[in-house]
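Inside the fold
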Amino acid sequence: MATKDEAVAHGYRLLGRSPAMALSQANEILRQYPNDARGLRLLGAARRMTGDVAGATEAERMAVGAAAFDRALVEAAAALVDNEVPIAERLLKERLRQDPFDFTAIRLLAEVAARIGRFDDSERLLRQALQLAPSFSEAKINLAKILHRAGRASEAVTVLDELEAEGGMNSSVMGLRAAVFSRVGRYDEAIADYRQTLAEKPADATIWMSLGHVLKTVGQQEESLDAYRTAIAQRRSLGEAWWSLANLKTVRFSEDDAATMRAALDEPDISEEDRLHLHFALGKYHEDRKEAEDSWTHYAAGNRQRLAMTPHRAAGETRLVDRTIKLMNRRFFERREGQGDPSPDPIFIVGMPRAGSTLVEQILASHSQVEGTMELPDIANLVRAIGNRSSPDKKNNYPANIAGLDAEALRANGAKYIELTRVHRVEGAPFFIDKMPNNWQHVGLIRLILPNARIVDARRSPLDCGFSNFKQHFARGQTFAYSLDDFGKYYRDYVRLMAHFDRVQPGKIHRVIHERLVDDPEAEVRALLAYCGLEYEEHCLRFHENKRAVRTASSEQVRQPLSRSAFDRWRMYDQWLGPLKRALGPALAAWDDAPRP
């Protein structure tokens, strides 16, 4: 008599030859072993192949439920809860060697891959699980999260739409969809989802905070403040909510606020994330009161903690700049003249964070021919794909692989960028803005794949910019900002690469110096519009009246008229800025020697 394992294996062999016979085999297995997960998985596959979609969905969901009684999977899930990732990985791989069709194990292994940063592997595993069980809602939720994290929000929306059509929405999934909607600029729908989630979970502090983020983005400041304060009322140690208030740049904390934050810091079970956010918020409290030493103490503490959590590798950026300069000389561009996608639509704004790029974006987005979008991830995604191209050792060979792109590949990459960004263009304007400051590292690639695109370099005093970055906690990335030395090296590499492109591609990049823009806005705005091929429009000088959504930390600042109030704020902290000045080196000397407006 065949064992259960032999019966299941025979059933899967029958699937390819006779789904009807495989269905009979599955029913026989389940007659002998009711609620057996392997038998239910076979039943789902056989029903799907015989056209019984509803029956297949029922069997797949029953198989997921039966997996809760599977000892090996329960142990693997418990290991993940305890963050014992290697143990979970070993258990799951052993299970899949025994049963490669176990889509529940595949989903858990995808979570393992995500935990250790292998997001491409996680996506591949989740899609494999969904190929085996298209109705597997937990896998769809995980896939949407991975796509959202990778900056592929429009794909995440598609997955979540499928989930909603299948009746798989709940308050947790609705919160995820709200975050995804926010990422693609569907802010009204994001707000509606958050509010519906809060109707079911009114004490959820993180959802109140997330609602505050979206309300801030669309300029509803009072409602945003109320949402953040409600989040804090639910959980006083929610550091990100305190920092979000500080990050509005228009809020001044009271002494009671400061006392509450200090008390939260003393809570024994406070998380590291909450602690560092509270340090940044308290730094802002003392800065507003001109208490430099106390302010610096908190900013420095927050930065030390953040840097310990996400170390920065400055040497890698310096090598990237060195290799780019060596590869992309004048002749390199001359030999590729006329290649790439000819679309003139994009206006890229690059530079350092906190250097006025949001202000430049707001000015351009106030023009009738230009649509502002957000910080788009699409160039970074192309860079990863190009760097991983034809790399047998799995090392990222960027920018070297650019040299191997022929005319068709350059055109295809440019066309792919235009297509990827189409989801963010809803106004029908002929031009749109991609404001991703870190794209300064990829200006050469942009010039090759989109030769008619405009590139604007937003630049600010290295000391003002450096201190502004140091006191800013970024939601993700920008690891160079948490050390004065790292920032100085990063800024120095940025200036060095931009100077190289000024030499080999003269006139192709337009520079906006923040201080000059503030002191002589009309002249600078006219020059900017002329470079972009746009007629001068008075609205661009009244950018602060623009009601468009703004996602960055400068959202409230660009809704106010120009001001010199942010100039030279670093001077109050001068005694601690020695590492920044030393790391900046020639970049600081060049700025000091430059003519002033």
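Summarised in this report is the structure supplied together with it.

Analysis parameters
- Residues numbered from 1 in each chain as written.
- Predicted model: local features only at pLDDT ≥ 70, side-chain atom pairs only at ≥ 80, totals over all residues.
- Heavy atoms only, no water.
- Axes fitted to C-alpha atoms, helices over the stretch in contact; angles between N-to-C directions.
- Helix = DSSP H or I, 4+ residues; strand = E, 2+ residues; numbered from the N terminus.
- Parallel < 35°, antiparallel > 145°, perpendicular 65-115°, else oblique.
- Left-handed = near helix turned anticlockwise from the far one by under 90°.
- Contact = heavy atoms within 4.5 Å.
- Core = buried A, V, L, I, M, F, W, Y, C linked by side-chain atoms within 4.5 Å.
- Buried < 20%, exposed > 50% of the residue type's maximum accessible area, 1.4 Å probe, protein only.
- Salt bridge = Lys/Arg side-chain N within 4 Å of Asp/Glu carboxyl O.
- Nonpolar A, V, L, I, M, F, W, Y, C, P; charged D, E, K, R; others polar.
- Pairing = 2+ DSSP bridges.

**Observations concerning the packing of helix α12 (residues 187–200) against helix α13 (residues 205–217)**
Two numbers describe how α12 lies on α13: the axes approach to 10 Å, and their chain directions differ by 155 degrees. The pairing of α12 with α13 is recorded here as roughly antiparallel in orientation. Crossing of α12 over α13 shows left-handed handedness. Between α12, through Y187, A190, I191, Y194, R195, T197 and L198, and α13, the contact on the second element is made entirely by I207, W208, S210, L211, V214, L215 and T217.

**Concerning the nonpolar core**
Ranked by size, the top nonpolar core spans 182 residues in total, and within it F253, M352, V360, L364, Y417, Y491 and F501 carry the most contacts. Residue contacts for Y491: discarding those within four places in its chain leaves M352, R459, R460, S461, P462, C465, L584 and A587.

**Let's talk about the pattern of salt bridges**
Inspection of every chain in the model, using the stated rule, returns 48 salt bridges. Ionic pairing is found between E28 and R31, a salt bridge with its closest N-O pair at 2.6 Å. Of this pair, E28 and R31 both sit in helix α2 (residues 19–32), three residues apart, roughly one helical turn. With relative accessibility at 31%, the residue E28 sits in the partly exposed group. The closest approach of N and O atoms between D193 and R177, which form a salt bridge, is 2.7 Å. Highlighted residues: D193 in helix α12 and R177 in helix α11 (residues 171–183), separated in sequence by 16 residues.

**Here's the deal with the packing of helix α6 (residues 85–98) against helix α7 (residues 103–115)**
Put simply, α6 and α7 touch, their axes get as near as 9 Å, and they point 145 degrees apart. The handedness of the crossing between α6 and α7 comes out as left-handed. In contact with V85, A88, E89, L92, K93, R95 and L96 of α6, α7 contributes A105, I106, L108, L109, V112 and R115. When its residues are assigned to classes, the contact of α6 with α7 shows nine nonpolar, no polar and four charged.

**Quick word on helix α21 (residues 357–365)**
Counting buried positions along α21 gives nine out of nine residues, so the element sits mostly inside the fold. For α21, the full list of buried residues reads S357, T358, L359, V360, E361, Q362, I363, L364 and A365.

**With respect to unusual backbone geometry**
Residue P399 is bonded to the preceding Y398 through a cis peptide linkage, with omega at 10 degrees. Turning to its location among the elements, P399 is positioned in the loop between α22 (378–387) and α23 (407–421). Despite not being glycine, N83 has its phi angle at roughly 60 degrees, a positive value. Of note, N83 is situated in the loop between α5 (71–81) and α6. In this structure N83 comes out as exposed when scored by relative accessible area, which is 52%.

**Focus on the pairing of strand β4 (residues 454–459)**
Burial runs high along β4: five of the six residues are buried. As defined by bridge partners, strand β1 (residues 346–351) adjoins β4 across five bridges and the pair is classed as parallel. Note on β4: the bridge partner recorded for F348 is I455.

**Notes on the sheet that holds β1**
Spatial ordering of the open sheet is given by β2-β3-β1-β4-β5, a layout of five strands whose pairing is parallel. Of all the strands in the sheet, the pair left with one neighbour each is β2 (370–372) and β5 (509–513). On average, each strand axis in the sheet is inclined to that of its neighbour by 25 degrees, with strand direction left out of account. Pairing of β1 with strand β3 (residues 431–435), which is carried by four bridges, proceeds in the parallel orientation. Across the sheet, the residue bridging to F348 is D434, located in β3. Most of the contacts of helix α28 (residues 521–531) go to β5, to which it runs at about 165 degrees, and overall it touches β4 and β5.

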